[in-house]
Structure formats: structure tokens, C-alpha cells
Amino acid sequence: MNSNDWAVIRLHLQSAICRTVQQFREHPADFLSENDIQAVLFTALRNEMHGVRMQYEASHEKDLRFGKAFDINRVMTEYRIAAVGACDIVVLCSEQGPKPAALWGQPCRIGIEIKFWQALERHYWNEPRGPRKDVDKLQRYWMMRNQTEQSFTGIVMLFRHPCAFPCQEMDEIASTDQEAAYPENGVAIHVISQEGHWWKMAPVSKLTDVTAPNTD
């Protein structure tokens, strides 16, 4: 992906996220599950990027059912990013991977994970379903991409209902640096509540299980 392509999709990404955040802050009771947030953000991002597509040459029998050559929307949900698992929302790279791979295993340029803490719920940074696990997932894929000199943008978003119990690690997030919010190559954390929208670059975890991306 060239820098011009990143400049374009970064604007789409920022616009879609800002509109989703605005809706949540104005009407938090409209969102009762992570799926509600995912649906709004996915729709906003697809609408933003409706004309930004990926050219694909089919080589797998399953893909050939769509034709030999076609283009696809680059915004997907619950898409598997290599061996690290499924991601809530992704933006595929502008070109298909160098290795023959099925349509369901293409490299990703952006990965977004969503976390949602409802009113009166208590959660923690390091719990099994906490934000730290998603940060680690996206950083693993980021390191895989960097091994082949490719960039990756990961964003973990925590939405909090009014009166959700605080979490020290998340409450320490505060920044207005737009480069930290949407890094060209790296992973950022966003926290959203009725009071505001904050972000920072995620500290790099000590990850030892980093392998080459699996695009089969």
C-alpha cells in the first residue's frame, strides 16, 4: 500500500469513527451490545469506502464461483487476520496477498476491535475478555506485517455506558494528537463515553509467539 492510498483511507476511517462516536455520545441507550456498535461503524465505513475496492484474481475453487477476476469491497466484519484470529472490522489491503490465498484469507491494512462496558458493569484491563487481549491480538498481526515490511493500523475501541465502573489503565488515556489516534503503522487505544473521546498509542507488549502471516 502506498502513502497516497493510506492518506485516502485514513480520512475515511476517521470520518466513520467520529460519526459512530458522536452517535454513541448523543444516544448511548441506542447501543445495548457490541454488535450494535459494530453495525453502526461497519455501515459508516462501508459507505465512506464504497468506491475503494480491491482487485482479486481467483485461484481457489470456492472463489471461482464468483468468477475468475472481480473486485470486492475492502471493509469486512469478523474477518480472520492470519493465525491470530477473527477481527471485528477490517479494511483489506489494496492488493491481494503475494501467495495464492482464498478470498477469506487476504492481508489486512486496518483492524478494529470493539469493547463495550455497560452501565454498572465492572471490568478490568487484563481480564480474559478485556481490552489488553485485543491489543495483543492486533500487535501480533502488526508485527507479522512489519516482518514483510508492510504497514498495519490497529485500533481498539472501548465504549462505556454512563455509570460503567472506571478502570485505571483506561482512565489514564488522554490525547488530542490525531497521529496517535490513527497511526499509519501501529496500534492505538480509544476510550469513548458521554464525557468525551480519548486515545493513545498502545504500549508494545512482550509478544514471543510471532510467526509469518498465514494467508492460506
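Structure shown above.
Residues numbered from 1 in each chain as written. Predicted model: local features only at pLDDT ≥ 70, side-chain atom pairs only at ≥ 80, totals over all residues. Heavy atoms only, no water.

Trainee: Give me the sheet that holds strand β6 (residues 153-160): which residues, what numbers.
Mentor: Taken in spatial order, the six strands of this open sheet run β3-β4-β5-β6-β7-β8, and their pairing is mixed. Edge positions in the open sheet fall to β3 (75-80) and β8 (196-201), since each of these has one partner strand only. Adjacent strand axes in the sheet meet at a mean angle of 25°, parallel and antiparallel pairs treated alike. Looking at chain direction, strand β7 (residues 186-193) and β8 are connected through six bridges and run antiparallel. Considered in β8, the bridge of I189 is made with K200. (Pairing = 2+ DSSP bridges. Helix = DSSP H or I, 4+ residues; strand = E, 2+ residues; numbered from the N terminus. Axes fitted to C-alpha atoms, helices over the stretch in contact; angles between N-to-C directions.)

Trainee: Run through the nonpolar core, naming residues and quoting values.
Mentor: Ranked by internal contacts, the top residues of the largest apolar core, which has 29 residues, are I17, L41, L45, I112, M157 and F159. When residues of this core are traced back to their parent elements, those giving at least two are α1 (3-26), α2 (34-48), β4 (86-92), β5 (108-117), β6 and α6 (178-181). For this core, the leading source of residues is α1, giving seven residues. With residues near it in sequence (within four places) discarded, F159 still touches T20, V21, F24, I37, I114, K115, F116, W117 and I192. Formed by 27 residues, the second largest nonpolar core is a distinct cluster that contains C87, V135, F152 and V191. (Core = buried A, V, L, I, M, F, W, Y, C linked by side-chain atoms within 4.5 Å. Buried < 20%, exposed > 50% of the residue type's maximum accessible area, 1.4 Å probe, protein only. Contact = heavy atoms within 4.5 Å.)

Trainee: Give me the lowdown on the pattern of salt bridges, citing residues and values where you can.
Mentor: For the structure shown, the criterion picks out seven salt bridges. Here E113 and K137 are joined by a salt bridge, their closest N and O atoms 3.0 Å apart. Of this pair, E113 sits in strand β5 while K137 sits in helix α4 (residues 131-147), placing them 24 residues apart in sequence. (Salt bridge = Lys/Arg side-chain N within 4 Å of Asp/Glu carboxyl O.)

Trainee: I'd like a description of the environment of D71, backed by residues and values.
Mentor: Within the fold, D71 resides in strand β2 (residues 69-73). Spatially, the C-alpha atoms of D71 and Q55 are 4.4 Å apart, while their sequence positions differ by 16 residues. What D71 contacts, discounting residues up to four positions off in sequence, is R53, M54 and Q55.

Trainee: Give a detailed account of the pairing of β3, specifying residues and quantitative values.
Mentor: By the bridge criterion, five bridges tie β3 to β4 in an arrangement that is antiparallel. From the neighbouring strand, M76 faces β4, where its bridge partner is V90.

Trainee: Quick rundown of the environment of S193? Include the residues and the values.
Mentor: With respect to the helices and strands, the residue S193 is situated in strand β7. Taking the C-alpha atoms as reference, S193 lies 7.0 Å from P162; in sequence the two are 31 residues apart. Residues within four places of S193 in sequence aside, it is in contact with F24, R25, R160 and W198.

Trainee: Explain unusual backbone geometry to me, using residue names and the numbers behind them.
Mentor: Trans is the prevailing form of peptide bonds, just as negative phi is the prevailing case for residues other than glycine. A positive phi angle, close to 50°, is found at A82, a residue other than glycine. Looking at the element boundaries, A82 is found in the loop between β3 and β4. A positive phi angle is found at C163, which is not glycine, with a value near 75°. Of note, C163 is situated in the loop between β6 and α5 (168-171).

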